[in-house]
Amino acid sequence: MNQDINPTVSQMTSFIVMDVLEKAVEMQKQGIDIIHMEVGEPDFDPSDCVLEAARQAYADNKTHYTHSLGDLALREEISRFYKREYGVDVEPDRIVVTSGSSPAILMALMVLCEAGSEVILSNPGYPCYRNFVLACNANPVSVEISANDGFQYPIEGVKQAITEKTRAIFVNSPMNPTGTLVSDSIYEELAKLNIPIISDEIYHGLVYNGRARSVLEFTDNAFVLNGFSKRYAMTGLRLGFLIAPKKYMRALQILQQNLFICAPSTAQQAGIAALRDSEPEVDKRREIYNERRIYMIKRLREMGFVIEKEPQGAFYIFCNAKRFSNDSYKFAFDVLENAHVGITPGIDFGSNGEGYVRFSYANSIENIKIGMDRLEAYLKKLGK
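Analysis parameters
- Residues numbered from 1 in each chain as written.
- Predicted model: local features only at pLDDT ≥ 70, side-chain atom pairs only at ≥ 80, totals over all residues.
- Heavy atoms only, no water.
- Pairing = 2+ DSSP bridges.
- Helix = DSSP H or I, 4+ residues; strand = E, 2+ residues; numbered from the N terminus.
- Core = buried A, V, L, I, M, F, W, Y, C linked by side-chain atoms within 4.5 Å.
- Buried < 20%, exposed > 50% of the residue type's maximum accessible area, 1.4 Å probe, protein only.
- Contact = heavy atoms within 4.5 Å.

Visitor: If you had to explain the sheet that holds strand β9 (residues 316-320) to someone new, which residues and values would you point to?
Guide: Across the sheet, which stays open at both edges, the 3 strands sit in the order β9-β12-β11 with antiparallel pairing between neighbours. Of all strands in the sheet, those bounded by a partner on one side alone are β9 and β11 (344-345). Two strands pair when backbone bridges link them, and β11 and strand β12 (residues 356-360) are joined in this way by 2 bridges, in the antiparallel orientation. The residue bridging T344 from the neighbouring strand is R358, located in β12.

See below:
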């Protein structure tokens, strides 16, 4: 990398799923039909009530700055949602509304870390966490998780990774890429460590087996990352939020004021509508996702992929593909080039993801069937 660029940036990895997507888009421009199973974006549009609220916000000229922590009406609605969904009390003054969950990740790490701090992450896990940690001049510390443990943190492994420099532990439930839920016992054990937990709960609302638990049901020593992109299919509206212990809120507010000012005002009005009126639509979408999940699990297993742990939530299937290749990066791009199906290589999620691939079922069942047929034909040509 150019020597004039900050060396911290040179340590960051590309988000490989975006590399796959961008290559797929280039192929589409050449007239090639691509079935997208790489990206983690709902294929649904926002509910009508959400769109109407956004339109009304523009009509009413609600296009100015809001309070830096977010419109109070939205924060109150989030507070009611957490009481209704999880039975926990979250005061509105513990919530900062953000432009998607990414600023929430950055600000949580900024208030917790200094140069040389350490943050514990799972391997495999969402790849951007590592790069956010690096952006804060902190050091990511990986703890391997595996199918043998149900893709749960091994508590002894976490304890061994803790040093005097440890400032936080990341959890993600339902998890990207595996779709697994953090178990109650793991939450309980992590809470006992007395280290702040950064809990990414963005896929809550998309659970098919079991129940998603908020970390706040187990401890108040936690930062909750959540938003409207996945549950409410509002990715482009860029609306998220962070729930934090009260003692950090003034520092978070200062960061928000300086770095982002506030989240988009019109999107915040749409968020209020989503929380109040969009749950019936969420329920319908969840049923459709589940139908796709069941279909894809069956087809992938028939092709020879090994699904060691069936996904309980989100919209991903994490498959052991070692029968076909030990180079998941090469395999994913070969599938794209030859089968015209976009998938994500497991190496994108860490070294312990090598040999795996991730399929997203955030696509129509019609497209999924075409994609599965293409993939099956490709694998038969490989003769494996």
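This is not the end of the story, as more comes after the structure.
Visitor: Provide a residue-level description of the nonpolar core, including the pertinent values.
Guide: With 50 residues, the main nonpolar core has Y82, Y153, L190, L216 and F228 as its most contacted residues. With residues up to four places along the chain from it excluded, the contact list for F228 reads L74, I202, A233, M234, L239, F241, G271, A274 and L275. Core analysis: the next-biggest nonpolar cluster, separate from the first, contains 37 residues, I307, F315, V341 and F359 among them.

Visitor: Describe unusual backbone geometry, with residues and values.
Guide: Between N123 and the following residue, P124, the backbone shows a cis peptide bond with an omega angle of 10 degrees. Along the chain, P124 falls in the loop between β3 (118-123) and α6 (127-135). The omega torsion of the bond from N176 to P177 falls at 25 degrees, within 30 degrees of zero and hence cis. One non-glycine residue, A233, lies in positive phi territory at about 55 degrees. Position of A233 among the secondary structure elements: in the loop between β7 (222-227) and β8 (240-243). Even without glycine at this site, A314 takes up a positive phi of about 65 degrees. Along the chain, A314 turns up in the loop between α11 (279-303) and β9. Classification of A314 by relative accessible area gives buried; the value is 0%.

These values are about where atoms sit, not about what they do.
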